[in-house]
Amino acid sequence: MKALEVKDLHKTYPQWRGESTKAVKGISFSVNEGEIVGFLGPNGAGKTTTIKCLCGLVEPTKGNISIFGIDAVNETRKAVSNTSAVLEGNRNIYWRLTTRENLEFFAGLQGRSGKEVGPEIERLLERFDLKEKEDTAARKLSRGMQQKLALSCALIRGTDFLLLDEPTLGLDVKTSKEMRRFVKRLTTEEGKTILLSSHDMNVVEDVCERVIIMNEGKILANDSVENLKDIFKINLYDFILEGEQELQKLKEKYDVNEIKYENGNTKLRVSLKDSESFYSLVNHLQEKDLRLKEVKNLDTQMEEIFMNVIERGR
Ligand code: ATP
């Protein structure tokens, strides 16, 4: 069964004065049970609006949403009872309540008693390193801890479908990595279905099997990370040459991205379409008597794919 099916979703925000904003302009996509899908897009692309429509916080202007087969537009309450959302990292927790009280409160919302969820709360506190802070008010936690608590509160509800909006926003490198690892495990070990939005390509590349790229309210790409890498394969190389070399002229013939001087060497970053242009460049460098120390083939980065998709969609 599909965990989520979105058909021709539109959302237009009425403005108080002046023009209305068409935040989502007729998008359709689905998410399979147990899948983890990334939602990428620049500021204002419509990601948050879409997620808010999915969890019943914003009423769509038009279109259909079905969550585990239940109509989420007309039977919102029933549909979202099996959905938890973590919006903008840490907004969904109660700042005056302590860590433990927050967890008990969210379990209660789902009709689960403190007794029933006791061991689960303990597990989450341990897992997220929050045990020491169980009696601290949420407002006094660091941002990273608040984010971990927000995710724990979503998890304690025990729903199968999770909507995570920017789960790693504002986290330091270590905490962001921990969070990614944890999110990944939620699908592999617990079979959760996750839709995750982020600005950070690395997060999406690291965690998601499939990516949906949105811009200006529309979906521009919806494919696996691997396929997108194939479609937008860019053969990017770093040629490291001995000494500081003047290579500006190469720009006339090759697609040079960057020339940089590092540790007495010259780094030439260039994209080469095929093996012919690769050998032509190597020959050229040899003819000029330049000593090649190293050639590195750089992996296509999610960031390049993203830029390509956005450019192409304009
Ligand atoms: P970001 O990554 O910056 O959060 P986003 O992709 O999540 O962006 P949205 O927050 O969905 O994008 O915004 C899409 C558009 O809708 C923007 O032009 C925004 O200004 C507008 N918008 C969002 N919320 C409202 C609202 N409550 N009222 C009016 N316009 C809104």
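What counts, and where the lines are drawn
- Residues numbered from 1 in each chain as written.
- Predicted model: local features only at pLDDT ≥ 70, side-chain atom pairs only at ≥ 80, totals over all residues.
- Heavy atoms only, no water.
- Axes fitted to C-alpha atoms, helices over the stretch in contact; angles between N-to-C directions.
- Helix = DSSP H or I, 4+ residues; strand = E, 2+ residues; numbered from the N terminus.
- Parallel < 35°, antiparallel > 145°, perpendicular 65-115°, else oblique.
- Left-handed = near helix turned anticlockwise from the far one by under 90°.
- Contact = heavy atoms within 4.5 Å.
- Nonpolar A, V, L, I, M, F, W, Y, C, P; charged D, E, K, R; others polar.
- Phe/Tyr/Trp six-rings, centres within 6.5 Å; stacked < 30°, edge-to-face > 60°.
- Buried < 20%, exposed > 50% of the residue type's maximum accessible area, 1.4 Å probe, protein only.
- Pairing = 2+ DSSP bridges.
- Domains from an automatic or database assignment.
- Buried area = accessible area lost by both parts, 1.4 Å probe.
- Polar contact = N/O pair within 3.5 Å; in protein donor to acceptor, adjacent residues only side chain to side chain.

### Observations regarding the packing of helix H3 (residues 99–109) against helix H5 (residues 143–156)
Part 1 of the reasoning: Two elements in contact, H3 and H5, have axes separated by 8 Å at closest approach and are oriented at 30°. Comparing the axis directions of H3 and H5 gives the class roughly parallel. In the crossing of H3 with H5, the sense of the turn from one axis to the other is right-handed. When H3 is examined against H5, the residues Thr99, Asn102, Leu103, Phe106 and Ala107 are found in contact with a partner set consisting of Leu149, Ser152, Cys153 and Ile156.
Part 2 of the reasoning: Residues that form the contact of H3 with H5 fall into these classes: 6 nonpolar, 3 polar and no charged.

### Focus on the packing of aromatic side chains
Part 1 of the reasoning: Throughout the structure, instances matching the rule amount to 10 aromatic pairs.
Part 2 of the reasoning: Between tyrosine 237 and phenylalanine 239, the ring centres sit 6.3 Å apart and the planes meet at 55°, which makes this aromatic pair tilted. Assigned by exposure class, tyrosine 237 and phenylalanine 239 land together as buried.
Part 3 of the reasoning: One aromatic cluster is present, formed by Tyr237, Phe239, Phe278 and Tyr279 through successive ring pairs.

### Brief notes about the sheet that holds strand E9 (residues 210–215)
In a beta sheet, neighbouring strands pair by backbone hydrogen bonds and run either parallel or antiparallel.
Part 1 of the reasoning: Strands sit in the order E6-E7-E8-E3-E9-E10 across an open sheet of 6 strands; the sheet is mixed. Each edge of the sheet is formed by a strand with only one pairing partner; in this case those strands are strand E6 (83–86) and strand E10 (218–224). The mean angle between the axes of side-by-side strands here comes to 15°, regardless of whether they run parallel or antiparallel.
Part 2 of the reasoning: Pairing analysis gives 5 bridges linking strand E7 (residues 161–165) to strand E8 (residues 193–198), with the strands arranged parallel. Residue pairing for E8: leucine 162 is matched across the bridge by isoleucine 194.
Part 3 of the reasoning: Helix H6 (residues 173–188) rests against strand E3 (36–40), E7 and E8 of the sheet, and its axis sits at about 155° to E8.
Part 4 of the reasoning: Of the strands in this sheet, E3, E9 and E10 are in contact with helix H10 (residues 302–313), which crosses E9 at around 40°.

### Description of the domain arrangement of the protein
Part 1 of the reasoning: Taken domain by domain, the protein holds domain 1 (2–230) and domain 2 (234–313).
Part 2 of the reasoning: Once you take the C-alpha centre of each, domain 1 and domain 2 turn out to be 40 Å apart.
Part 3 of the reasoning: On the side of domain 2, 10 residues touch domain 1, which itself brings 14 residues to the contact.
Part 4 of the reasoning: Summed over both partners, the interface of domain 1 with domain 2 buries about 1100 Å², with 78% contributed by carbon and sulfur atoms.
Part 5 of the reasoning: On the domain 1 side of the contact with domain 2, Met201, Leu220 and Lys229 bury the most area, a combined 50% of that side's loss.
Part 6 of the reasoning: In this assembly, domain 1 and domain 2 are joined by 0 residue pairs in polar contact (both at pLDDT 80 or more).
Part 7 of the reasoning: Ranked by the residues each element gives to the side of domain 1 that touches domain 2, the list is headed by E9, at 4 residues.

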